[in-house]
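Listed here are the chains, written in short residue letters.
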Amino acid sequence: MLAITWDTVRIFLHVLAATVWVGGQLTLTALLPVLRGAGGDTSRLAARQFNRVAWAAFAVLVLTGGWNIAAVGDVDGAYRTTLYVKLAVVVVSGVAAFLHTRASTPKGLAVTGAVSGVAALAALFLGVMLG
């Protein structure tokens, strides 16, 4: 069996947090029609509960992302450019998700939710490229 290293733990935590942040957004989006059909505040309550887990995952992503950068060390060229683009879309995803929690209109919810989700998917894709 391969040895468990701090690199393994770091990458595991980063991937686990990404599954919650990205996968959770996709899952909640898929469930919204059913939640809305249940009536009342069901969809809003489900979103609030998801936020508790999602923001914790986002914090783990940021922390382990910084750890990943430190572990890789000094990089240049295309790798650095890809890393900077990834960092930018992570910020966009987080800011859009935050604005989504503050949105009060259906249009505001739709736009900020879509931007956060697309940016999260882009960050995931770029992370795979960097791996």
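Residues numbered from 1 in each chain as written. Predicted model: local features only at pLDDT ≥ 70, side-chain atom pairs only at ≥ 80, totals over all residues. Heavy atoms only, no water.

1. Points about the overall build of the protein chain
Thinking step 1. Regarding its fold elements, the protein chain presents four helices and zero strands.
Thinking step 2. Principal-axis analysis of the C-alpha atoms gives the protein chain an extent of 50 × 35 × 20 Å.
Thinking step 3. Here the protein chain, with 131 residues, has 27% of them falling under the buried criterion.
Thinking step 4. Across the protein chain, contacts joining residues at least 24 apart in sequence account for 74% of those joining residues at least 6 apart.
Thinking step 5. Total accessible area on the protein chain is roughly 8500 Å²; 73% of this is exposed by carbon and sulfur atoms.
Thinking step 6. Positive and negative side-chain charges in the protein chain, numbering 9 and 4 respectively, have mean positions lying 17 Å apart. (Helix = DSSP H or I, 4+ residues; strand = E, 2+ residues; numbered from the N terminus. Buried < 20%, exposed > 50% of the residue type's maximum accessible area, 1.4 Å probe, protein only. Contact = heavy atoms within 4.5 Å. Areas by Shrake-Rupley, 256 points an atom, 1.4 Å probe, with all protein chains shown as cover. Lys, Arg positive; Asp, Glu negative; His and termini not counted. Charge placed at Lys NZ, Arg CZ, Asp CG, Glu CD.)

2. Let's talk about helix α2 (residues 42-72)
Thinking step 1. An ideal rise of 1.5 Å per residue puts 45 Å on 31 residues; α2 measures up with 44 Å between its terminal C-alpha atoms.
Thinking step 2. The largest bend in α2 is about 30°, located at N51.
Thinking step 3. Against the buried residues of α2 lie α1 (6-37) and α3 (77-102).
Thinking step 4. Where α2 terminates, the next one or two residues include G73, which has phi positive at roughly 85°. (Expected span 1.5 Å × (residues − 1). Bend = angle between axes of the 7 residues up to and from the residue.)

3. Side note on the environment of A103
Thinking step 1. Mapped onto the elements of the fold, A103 is located in the loop between α3 and α4 (106-130).
Thinking step 2. Separated by 10 residues in sequence, A103 and G113 place their C-alpha atoms 9.6 Å apart.
Thinking step 3. Not counting the four nearest positions on each side in its chain, A103 is found in contact with G108, L109 and T112.

4. Things to note about the nonpolar core
Thinking step 1. The biggest cluster of nonpolar side chains holds 13 residues, and the ones touching the most others in it are W21 and L61.
Thinking step 2. Going through the elements one at a time, α1 and α2 are the ones with two or more residues in this core.
Thinking step 3. For this core, the element with the most residues is α1, which contributes six residues.
Thinking step 4. Setting aside residues no more than four positions away along its own chain, L61 makes contact with H14, A17, A18 and W21. (Core = buried A, V, L, I, M, F, W, Y, C linked by side-chain atoms within 4.5 Å.)

5. Describing the side chain of T82
Thinking step 1. Relative to the elements of secondary structure, T82 occurs in helix α3.
Thinking step 2. In this structure T82 touches L126, M129 and L130, once residues within four positions along its chain are discounted.

6. Some details on a nonpolar patch on the surface
Thinking step 1. Together, W6, F12, L13, L16, V60 and W67 make up a nonpolar patch on the protein surface, roughly 610 Å² of accessible area in all.
Thinking step 2. Looking at the nonpolar patch, the elements that each hand over two or more residues are α1 and α2.
Thinking step 3. At four residues, the largest contribution of residues to the nonpolar patch is made by α1.
Thinking step 4. Tracing the chain through its elements places L16 in helix α1.
Thinking step 5. For L16, a relative accessible area of 42% gives the class partly exposed. (Patch = residues over 30% accessible without salt bridge, like charges linked within 9 Å, V, L, I, M, F, W, Y side chains within 5 Å. Salt bridge = Lys/Arg side-chain N within 4 Å of Asp/Glu carboxyl O.)

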